[in-house]
Amino acid sequence: MPRTPWRRRRTTDSPRPAGRRWAGRLARGGSLARQALLVRVGRRSADAGRAATATRAEVIYTGTDLVPYAGRGRTVATSGSHGPVLAAPPIVVAEESAEALLPGEHTVRRRISFALVNSCTLASLGLGLLAIFLAMHGDTRLAAACLVACVAFDGLDGALARRLGVSSPFGAQMDSLADMCSFGLAAPVVVYASLAHTVPTAAAAVASMLVAGCAAIRLARFNVSPKDGKFFSGVPTTMVAAVLALMVLIGLPLPGMVMLGGVAVLGFAMVSSFPYAKLARIVKLPPWVWLLPVVGALVDARLTFVLVVGAYLCSGPVMWLRAKRV
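In this convention, every chain numbers its residues from 1, walking through the sequence in written order. For a predicted model such as this one, the threshold for reporting local features is a pLDDT of at least 70, and the threshold for listing and counting side-chain atom pairs is 80 or more; totals across whole chains, interfaces and linings nevertheless cover every residue. Values shown for side chains rest on all heavy atoms present in the structure; no hydrogens or waters enter the calculation.

Participant: For this particular structure, what's the right way to read the overall build of the protein chain?
Facilitator: Along the backbone of the protein chain there are 11 helices and 5 strands. Remark: exposure states derive from per-residue accessible area (1.4 Å probe, protein chains only) relative to the maximum for the residue type, with buried under 20%, exposed over 50%, and partly exposed in between. Taken over 326 residues, the protein chain has a buried fraction of 30%. A contact between two residues is defined here by any heavy atoms of the two lying within 4.5 Å. The contacts of the protein chain with a sequence gap of at least 6 include a subset with a gap of at least 24, amounting to 71%. Per the convention used, a helix needs a DSSP run of H or I reaching at least four residues, while a strand needs a run of E reaching at least two, with both numbered from the N terminus.

Spelled out as C-alpha cells, the structure:
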C-alpha cells in the first residue's frame, strides 16, 4: 500500500500521531520532568523568608535521594534509570502547625487567666441552656433572670480577657458561639413562652424565629466586619437579649400585639446598618442626661424602660441621617 506523503498541516487539522522516535523522547522527557520535580523539600530555616506552598507531588514523593552537585551548588537526583539529573532548587515549605489556643508565653499565670475567662464564657452558655429549660416548664421570669446573668457573664469575660492580656481568636470564636446559644436561641424561647398565652401561637413562633435568624446574621457579620471603636453597626445581640429579658422580668403592661411588634423591631434593629453608640460613649454623657432616667425610674420604672429603649432605637436612624446630610 503506497505511503501517503506528508503535506503541510493546516490549522484546522488534528495533530499528527507521533512516531516512535518522538514517543521515546516524550517518555524520556516525562521521566526527566518527574525526576526534576519530585524532590524532597527541606525544613524551613528560622530566618527564611515567606514560605511557598508545596505541591502534591512534593508531599507524596519519597523515592529520590538528594546529593549536592559539585561545582554548581545545586541538587541532583541519584535514583532513576537516566543517571544523575540536575534538579530545580528545592522549594522551601513551612510545616503546618496548629495555632496555639493561647498566643504568647504559656506561663502558669496566663493559663489560669485563660481558663478563668473561658469559664465565664461557659457559664454564660450554661445559664442560657438553663433559661431554655426553665421556659419549657413555664418559669418565664426565672428564665429571664438567667438571661440577665448571661449578659453579665458575657460582658465579664471580655473585660477579663482584655484586663489579663489573654485575648485570643479562640476566645472570640467561643464567645460568638456562646452568644448564639444564649442570646440567639434562649432569648427567643423565653419570649415565646411569655407571649404564647397573649398572642396567637403562630405569631409568637414567627417573632421568635425572626429574632433567632437576625441574631445569627448579626453575629456572623460582626465576626467578618471591621470593628469601629465608637459605634455598633446595628444593635448588638447582647443588648437585644437584655431588653427582651427585662421586658419579661418586669412584666410590661402592654397589649400582646404591641409586645410582638416590639420584638420584631428589635430583631430588625440587629441586622440594620444604623450606627448605635457603644456603652463607653453612653457612660460619658453629661450628668444631667442621666438625671432624667433616674428620676423617671423612681416615678414609673416600666414607662421609663420603654422610653429609654425607644430613644436608643431611634438614635441609630437619627445619626445615620445626620451623617448622610454632612
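That was the structure; now back to the text.
Participant: Mind showing me how you'd approach helix α3 (residues 108–136) here?
Facilitator: Residue pairs three or four apart in sequence face the same way in an α-helix, which turns once every 3.6 residues. Its 29 residues give α3 an end-to-end C-alpha distance of 42 Å, which sits within 8% of 42 Å, the value for a rise of 1.5 Å per residue. Gly 138 sits one or two residues past α3 and shows a positive phi near 90°. Expected span of a helix: the number of residues minus one, times 1.5 Å.

Participant: What am I meant to see in the nonpolar core here?
Facilitator: Soluble globular proteins tend to bury their nonpolar side chains together. By size, the foremost hydrophobic cluster in this structure holds 48 residues, and its most contacted members are Ala 131, Leu 147, Val 190, Leu 195, Val 235, Leu 244 and Val 263. At the level of secondary structure, the elements contributing two or more residues to this core comprise α3, α4 (140–164), α5 (169–195), α6 (201–224), α7 (237–250), α8 (256–271), β5 (275–277) and α11 (301–325). With 8 residues, the single largest contributor to this core is α7. Within this scheme, the nonpolar core is defined by two criteria: the residues are buried Ala, Val, Leu, Ile, Met, Phe, Trp, Tyr or Cys, and they are joined through side-chain atoms within 4.5 Å. By size, the runner-up hydrophobic cluster in this structure holds 5 residues, among which are Leu 102, Phe 114, Val 117 and Val 166.

Participant: Sorry if this is basic, but what is going on with the packing of helix α10 (residues 287–299) against α11 here?
Facilitator: Between two packed helices, what matters for the description is the angle formed by their axes and the separation of those axes. Note on method: axes are straight lines fitted to C-alpha atoms, helices fitted across the in-contact stretch only, with angles between N-to-C directions ranging 0 to 180 degrees. In the contact formed by α10 and α11, the axes pass within 6 Å of each other and the chain directions differ by 145°. Residues Pro 293, Gly 296, Ala 297 and Val 299 of α10 pack against Ala 301, Thr 304 and Val 308 of α11.

Participant: Honestly, the environment of Thr 198 in this entry has me stumped. Any pointers?
Facilitator: Positionally, Thr 198 belongs in the loop between α5 and α6. A residue is classified by how much of its surface remains accessible, and Thr 198, at 53% relative accessible area, is exposed.

Participant: Would you mind going over the packing of aromatic side chains with me for this structure?
Facilitator: Each aromatic ring pair is specified by the distance between its two centres and by the angle formed by the two planes. Note on aromatic contacts: the rings of Phe and Tyr and the six-membered ring of Trp form a pair at centre separations within 6.5 Å, being stacked when their planes are under 30 degrees apart, edge-to-face when over 60 apart, and tilted otherwise. Taken as a whole and assessed by the stated rule, the structure comprises 3 aromatic pairs. Ring plane angle 40° and centroid distance 6.0 Å describe the contact between Phe 114 and Phe 170, whose orientation is recorded as tilted. One end of the pair, Phe 114, is in helix α3; the other, Phe 170, is in helix α5, and 56 residues separate them in sequence. For Phe 170, a relative accessible area of 33% translates into the label partly exposed. Aromatic side chains Phe 274 and Trp 320 sit 5.7 Å apart centroid to centroid with 65° between the ring planes, which places their arrangement in the edge-to-face category. On the criterion of sequence distance, the pair formed by Phe 274 in the loop between α8 and β5 and Trp 320 in helix α11 is long-range, its members being 46 residues apart. Between Lys 278 and the ring centre of Phe 232, over which it is positioned, the NZ or CZ distance is 5.2 Å. We call a charge positioned over a ring when the NZ of a Lys or the CZ of an Arg lies within 6 Å of the ring centre and within 35 degrees of the ring normal.

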